[in-house]
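Fold and geometry: a report
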Amino acid sequence: MPTDKLSFRTESRAAETVVFLAGELDLEVASRMRAAMEPLLPLADRRLTLNLRELKYIDSTGIGILIGIVKARHARGAAFGVEEVPAHILKLFDITGMTSFLTAAATAEGTERK
């Protein structure tokens, strides 16, 4: 049964693919998220960025998906990062140690990239 709990759209830029996530990334939508990301993982010549500005919630399953993306991109020598991370999600990344694995992070309030 389709759910509107998570939506995503993809935008191609010069040498980058940006996936905009909105809603909740959890166990219920995990298979949809994995299926959406699968064709993007092998594109080693393009940076893959997740824009999390509209992400409201992420659980351990969602974090596991992000870890899988980090590993898959690293294995290919391909760039991966996140941008416009809401403060409450960034705090969760900090607590879980994810921040150190993400090459770019910014809050929804700012434009700084790390």
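Structure report, in brief. (Residues numbered from 1 in each chain as written. Predicted model: local features only at pLDDT ≥ 70, side-chain atom pairs only at ≥ 80, totals over all residues. Heavy atoms only, no water.)

1. A word on the overall build of the chain
Each helix and strand in the chain was counted, giving three helices and four strands. Along the chain direction, N to C, the helices and strands of the chain fall in the order β-β-α-β-α-β-α. A total of 114 residues make up the chain; the buried ones form 43% of that total. A fraction of 63% describes how many contacts in the chain between residues 6 or more apart in sequence connect residues 24 or more apart. (Helix = DSSP H or I, 4+ residues; strand = E, 2+ residues; numbered from the N terminus. Buried < 20%, exposed > 50% of the residue type's maximum accessible area, 1.4 Å probe, protein only. Contact = heavy atoms within 4.5 Å.)

2. Focus: helix 2 (residues 60-75)
Owing to its 3.6 residues per turn, the α-helix aligns residues three or four sequence positions apart on the same side. With 16 residues, helix 2 extends 22 Å between its outermost C-alpha atoms, agreeing within 8% with the 22 Å of an ideal straight helix rising 1.5 Å per residue. Turning to helix 2, its buried residues number three or more, namely Thr61, Gly62, Ile63, Ile65, Leu66, Ile69, Val70, Ala72 and Arg73. The distance from a side-chain oxygen at the start of helix 2 to the backbone nitrogen of Thr61 is 3.0 Å, and the residue carrying that oxygen is Asp59. Downstream of helix 2 by a residue or two, Gly77 has a phi angle that is positive, lying close to 70°. (Expected span 1.5 Å × (residues − 1). Polar contact = N/O pair within 3.5 Å; in protein donor to acceptor, adjacent residues only side chain to side chain.)

3. Points about the pairing of strand 1 (residues 6-13)
Taken together, the eight bridges between strand 1 and strand 2 (residues 16-25) define a ladder with antiparallel strand orientation. By the bridge assignment for strand 2, Thr10 is matched with Val19. Hairpin connection, strand 1 to strand 2: the antiparallel pair is bridged by two residues. (Pairing = 2+ DSSP bridges.)

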